[in-house]
Amino acid sequence: MTDADLTSLAREIDSTCRLTGTFTLRSGRVAGEYFDKYRFEADPRLLDRVAARLAALVPPGTEVLAGLEMGGIPVVTALGRHTGLPCAFVRKTAKAYGTARLAEGAEVAGRQVLVVEDVVTSGGQVVISTGQLRELGARIDHALCVIDRSEGGTEALAAHGIRLTALLTRADLDAQRG
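Residues numbered from 1 in each chain as written. Predicted model: local features only at pLDDT ≥ 70, side-chain atom pairs only at ≥ 80, totals over all residues. Heavy atoms only, no water.

As for the environment of Leu114
Mapping Leu114 onto the fold places it in strand S6 (residues 112–120). Between the alpha carbons of Leu114 and Thr154 there is a distance of 15 Å; along the sequence they are 40 residues apart. Not counting residues up to four positions away in its chain, the partners in contact with Leu114 are Val58, Pro59, Thr62, Val64, Leu65, Ala66, His142, Ala143 and Leu144. (Helix = DSSP H or I, 4+ residues; strand = E, 2+ residues; numbered from the N terminus. Contact = heavy atoms within 4.5 Å.)

Written as structure tokens, this is what we have:
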């Protein structure tokens, strides 16, 4: 994919996900604009384009793709189609019934795992989930995301020995606003 293709992809994600109106944010602040990341994940054609581009960013030696609940799951599933790598679906907390597992799907113990997330802001959930996966025996030194909001996530992950690679940044999307 060329730089022009990446710009086109950023433009399409931005136009699909950036909503205007009145939105109450998690912080309680009211905003006139909202970025709904689930809109690109719910569009199979757009998600496939994202996954095709992400596939080139998967580090050599990766044995398992681990998608974080909830947004990382559709991304990792689509990415698995393009790489042929098995996927694990990582819950925020292990369920108390059935298998009672934190990570469903592919086994992570003893394997080189790439943590996959849709959007990284502070990196907090990636840090938490990576710690939990490491406790299960996963070897993790990289994380991959579709969008890095550039709000400290890269630095927070680096402090835990995780290198973050992003397909797009907030600046890439903001550049599409014209």
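Side note on helix H3 (residues 44–55)
In this model, H3 (12 residues) spans 16 Å end to end at C-alpha, consistent with the 16 Å of a helix rising 1.5 Å per residue. Among the residues of H3, Leu46, Leu47, Val50, Ala51, Arg53 and Leu54 are the ones counted as buried. Burial along H3 is one-sided: seen end-on, the buried residues are contained in an arc of 165 degrees. Taken together, the buried residues of H3 touch helix H1 (3–17), helix H2 (38–41), helix H4 (72–83), strand S7 (139–148) and strand S8 (163–169). (Expected span 1.5 Å × (residues − 1). Buried < 20%, exposed > 50% of the residue type's maximum accessible area, 1.4 Å probe, protein only. Arc of directions from axis to C-beta.)

What about the pattern of salt bridges?
The tally for this structure, following the rule as stated, stands at 12 salt bridges. Here Glu63 ties to Arg139 by a salt bridge, and the two come within 3.4 Å at their closest N and O atoms. Taken as a pair, Glu63 in the loop between H3 and strand S3 (64–68) and Arg139 in strand S7 lie far apart in primary sequence, 76 residues in all. The class for Glu63 is partly exposed, based on a relative accessible area of 31%. (Salt bridge = Lys/Arg side-chain N within 4 Å of Asp/Glu carboxyl O.)

With respect to the packing of H1 against H3
Close contact between H1 and H3 brings their axes to 11 Å; oriented N to C, the two are set at 140 degrees. By the angle class used here, H1 and H3 are oblique. In the packing of H1 onto H3, the handedness of the crossing is left-handed. Here H1 contributes Asp5, Leu6, Ser8, Leu9, Glu12, Ile13 and Thr16 to the contact with H3, which in turn contributes Arg45, Leu46, Arg49, Val50 and Arg53. (Axes fitted to C-alpha atoms, helices over the stretch in contact; angles between N-to-C directions. Parallel < 35°, antiparallel > 145°, perpendicular 65-115°, else oblique. Left-handed = near helix turned anticlockwise from the far one by under 90°.)

Concerning the packing of aromatic side chains
Per the stated rule, a full pass over the model turns up one aromatic pair. Relative to Tyr34, the ring of Phe23 lies with its centre 5.4 Å away and its plane at 25 degrees, an arrangement referred to as stacked. One end of the pair, Phe23, is in strand S1 (residues 18–24); the other, Tyr34, is in strand S2 (residues 30–35), with 11 residues separating them in the sequence. (Phe/Tyr/Trp six-rings, centres within 6.5 Å; stacked < 30°, edge-to-face > 60°.)

Topic: the side chain of Asp14
Position of Asp14 relative to the elements: it lies in helix H1. Looking at Asp14, its side chain comes within polar contact range of the side chain of Arg18, at 2.7 Å. Non-local contacts of Asp14, meaning those with residues more than four positions away in its chain, are made with Leu173, Gln176 and Arg177. (Polar contact = N/O pair within 3.5 Å; in protein donor to acceptor, adjacent residues only side chain to side chain.)

Notes on unusual backbone geometry
Negative phi is the rule for most residues except glycine; trans is the rule for most peptide bonds. Going from Glu69 to Met70, the amide bond is cis rather than trans, its omega being 0 degrees. Tracing the backbone through its elements, the reader meets Met70 in the loop between S3 and H4. Located in the positive-phi region is Ala100, a residue other than glycine, with phi close to 55 degrees. Locating Ala100 in the fold gives a position in the loop between strand S4 (87–90) and strand S5 (103–105). One non-glycine residue with positive phi stands out, namely Ser150, at about 60 degrees. Locating Ser150 in the fold gives a position in the loop between S7 and helix H6 (153–158).

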